[in-house]
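Residue-level structural notes
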Amino acid sequence: MAATQEEIVAGLADIVNEIAGIPVEDVQLDKSFTDDLDVDSLSMVEVVVAAEERFDVKIPDEDVKNLKTVGDATDYILKHQG
Amino acid sequence: MSPTNRTVVVTGIGATTPLGGDAASTWEGLIAGRSGVRPLEQEWAAEQAVRIAAPVAVEPTEVIPRPQARRLDRSAQFALIAAQEAWKDAGFEAKAGEDASVDPDRLGAVIASGIGGVTTLLDQYDVLKEKGVRRVSPHTVPMLMPNSPSANVGLAVGARAGVHTPVSACASGAEAIGYAIEMIRTGRADVVVAGGTEAAIHPLPIAAFGNMMAMSKNNDDPQGASRPYDAARDGFVLGEGAGVIVLESAEHAAARGARVYAEAVGQGISADAHDIVQPEPEGRGISQALTNLLERTDLDPAEIVHVNAHATSTPAGDIAELKALRKVFGDEADHMAVSATKSMTGHLLGGAGGVESVATVLALYHRIAPPTINVENLDPEAEANADVVRGEARKLPVEGRIAALNDSFGFGGHNVVLAFRSV
């Protein structure tokens, strides 16, 4: 069954917490990965790979640059999840 | 002094070793004659011929926050812990620039390892094979590159005068400190954070060193396995950790009122050109390094009261070094208390020169030489050539200027001798 928006945000919060040490409650739709959540370009690759596994979705490298905020990533996963 | 021959001093020390998570606990363990060697309990150890090692006393992940630790190879974690301790110990309160007492453009970092990020390389290869290309960490390259510990320490303290990584196997840490002394002596920098680190307790390095017949297989007596100068020594015990010192020009240290542990007098360097792994049996290359040290500095052999020997507990290497000391110093070698601290820490490879420089500096500062433990039957060739400090720590002369040497030699025939002197 496909994940809901709420489930996706919670999953991304777990992933960002693991990778960047940011508290899960700080991971909100409007937060920028790089500016707000301490996720640099290398760590973003880790976030993407972890999200791909968790939500059974493929995120090609050329799409990663468009995922600026948690909301961008959530929308992308909602639209493309398997 | 001319700007190209400045006096260099040690103003900070830091370490994380098999004996303790900082320099103070490491020193306490050394003076108490404690062994850091343990049986290897990991599942992979069961099939190894060598099933003992000296792991760090404090896991680095207990000290470094997880998000930072997961993007650092274990060797860089050790280096960072030791460097941050040394930096604070030197009296700096923040990174260069933010702490106005040091200019980032005049600050360097030189941290070496013998093998580099070997556990990252091997672990990520396991990930590649087991989970596929996509799962290989994007942090792999900056984690495994041999300059990673130096670069990460440089970032942490804000070093812009140059960040370097000399590699010479088990002489790497000492070569790093020698390089740092030269950076300051010749005017390239005022302050340099320097030392060595190693994290190679992993089945592949242990199998490889074991198959070279270089390591002790005394699995039944872990704490007695590292026994330099003992007649029954059968190879080194692999240790891990880091030792880092802050070196500074004497003028810079005086201007900011820093505590000075010792003067870093200089280095002597040579290469054997004899064999890729076997030491030259008469210690000819080592003699050359010692001679270079005496020619290039104002060190007086009469002042040398202590030698922190390379002495890894291998049959040939331990004796070659003592023969060289006797050959170069003659009767003066009689007043040099020789300590093999690897009897307690194991052999930290590229980390050894760092940790042993910390030990050498503290020996001068506290005027006490750590013991060599596990010497039950002193090798007659050791007895004939040197005064080995056995069993218990020994007091050094309480008055007057005293000096000490720290020897480090590496596979490839690299010989580095560092000299420190009381102030």
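In this text the structure is predicted, and so the values were computed from the model without any measurement.

Contact residues are listed per partner, giving 10 residues for chain B and 16 residues for chain A. Roughly 1100 Å² is buried in total at the junction of chain B and chain A, and carbon and sulfur atoms are behind 40% of that figure. Remark: the boundary between chain B and chain A carries 6 salt bridges. Between the two partners, chain B and chain A, sit 10 residue pairs in polar contact (both at pLDDT 80 or more). The residue makeup of the side of chain B that touches chain A, split by class, is 3 nonpolar, 2 polar and 5 charged.

Let us now look at the UniProt feature "domain: EAL" (unreviewed entry) in chain A. Under the local residue numbering, the UniProt record ascribes the feature "domain: EAL" (unreviewed entry) to residues 1-82 of chain A. In the segment residues 1-82 of chain A, helix accounts for 61% and strand for 0%; the C-alpha atoms at its two ends are 9 Å apart.

Attention now moves to the sheet that holds strand β6 (residues 191-198) of chain B. All names here are of chain B. Read from one edge to the other, the open sheet built from 11 strands follows the order β5-β4-β6-β7-β1-β8-β15-β14-β9-β10-β12, with strand pairing classed as mixed. Single-partner strands in this sheet number two, and they are β5 (162-164) and β12 (387-388). Docked against the sheet, helix α3 (residues 74-89) engages β1 (8-16), β4 (107-112), β6 and β7 (241-249), running at close to 130° with respect to β1. Across the sheet, helix α7 (residues 172-185) lies against β1, β4, β5, β6, β7, β8 (262-271), β14 (403-410) and β15 (414-421), angled at about 175° from β6, the strand it touches most.

Glancing now at the packing of helix α1 (residues 5-20) of chain A against helix α5 (residues 70-80) of chain A. All names here are of chain A. Between α1 and α5, the least distance of the axes is 10 Å, while the angle of their chain directions is 125°. When the axis of α1 is compared with that of α5, the two are oblique. Pair α1 / α5 crosses with right-handed handedness. On α5, the residues that touch Q5, I8, V9 and L12 of α1 are V70, A73, T74, I77 and L78.

Right, let's talk about helix α12 (residues 315-329) of chain B for a bit. Residues and elements named next belong to chain B. For α12, with 15 residues, the first-to-last C-alpha span of 23 Å sits near the 21 Å given by 1.5 Å per residue. Those residues of α12 that sit buried are D318, I319, A320, E321, L322, K323, A324, L325 and F329. Considering only its buried residues, α12 is in contact with α11 (284-296), β9 (304-308), β10 (337-339), α15 (380-385) and β14. Just downstream of α12, G330 is the residue with a positive phi angle, here 55°.

Our next topic: the pairing of β6 of chain B. All names here are of chain B. Of all 8 residues that make up β6, 8 are buried, and the element is covered over most of its length. Side chains V191, V193, G195 and T197 project from β6 onto one buried face, and the interleaved V192, A194, G196 and E198 project onto a second face that is buried too. The sheet contact formed by β4 and β6 spans 6 bridges and is parallel. The partner of V110 across the bridge, within β6, is A194.

Below, the discussion takes up the environment of L349 of chain B. Residues and elements named next belong to chain B. Structurally, the position occupied by L349 is in the loop between α13 (342-345) and α14 (352-366). Through-space distance from the C-alpha of L349 to that of F411 is 9.9 Å; in sequence the pair is 62 residues apart. Residues in contact with L349, not counting those within four places in the same chain, are I115, A169, C170, E198, A200, F209, F236 and L238.

Moving on, we come to the domain arrangement of chain B. Residues and elements named next belong to chain B. What the domain assignment lists for chain B is domain 1 (8-256) and domain 2 (266-422). A C-alpha centroid distance of 21 Å is found between domain 1 and domain 2. Contacts between domain 1 and domain 2 engage 64 residues on the former and 60 residues on the latter. Between domain 1 and domain 2, the buried area comes to about 4500 Å², and carbon and sulfur atoms account for 70% of it. Applying the counting rule to domain 1 against domain 2 returns 4 salt bridges. Residues R296 and E182 are paired through a salt bridge, measuring 3.7 Å at the closest nitrogen-oxygen approach. Counting the contacts that link domain 1 with domain 2 gives 22 residue pairs in polar contact (both at pLDDT 80 or more). It is α7 that contributes the most residues to the side of domain 1 that touches domain 2, 9 residues altogether. Of the residues contributing to the side of domain 1 that touches domain 2, the split by class is 33 nonpolar, 22 polar and 9 charged.

Conventions adopted
- Residues numbered from 1 in each chain as written.
- Chains lettered and ligands numbered in written order.
- Predicted model: local features only at pLDDT ≥ 70, side-chain atom pairs only at ≥ 80, totals over all residues.
- Heavy atoms only, no water.
- Contact = heavy atoms within 4.5 Å.
- Buried area = accessible area lost by both parts, 1.4 Å probe.
- Salt bridge = Lys/Arg side-chain N within 4 Å of Asp/Glu carboxyl O.
- Polar contact = N/O pair within 3.5 Å; in protein donor to acceptor, adjacent residues only side chain to side chain.
- Nonpolar A, V, L, I, M, F, W, Y, C, P; charged D, E, K, R; others polar.
- UniProt positions renumbered as here; feature names shortened; annotations may be inferred.
- Helix = DSSP H or I, 4+ residues; strand = E, 2+ residues; numbered from the N terminus.
- Pairing = 2+ DSSP bridges.
- Axes fitted to C-alpha atoms, helices over the stretch in contact; angles between N-to-C directions.
- Parallel < 35°, antiparallel > 145°, perpendicular 65-115°, else oblique.
- Left-handed = near helix turned anticlockwise from the far one by under 90°.
- Expected span 1.5 Å × (residues − 1).
- Buried < 20%, exposed > 50% of the residue type's maximum accessible area, 1.4 Å probe, protein only.
- Domains from an automatic or database assignment.

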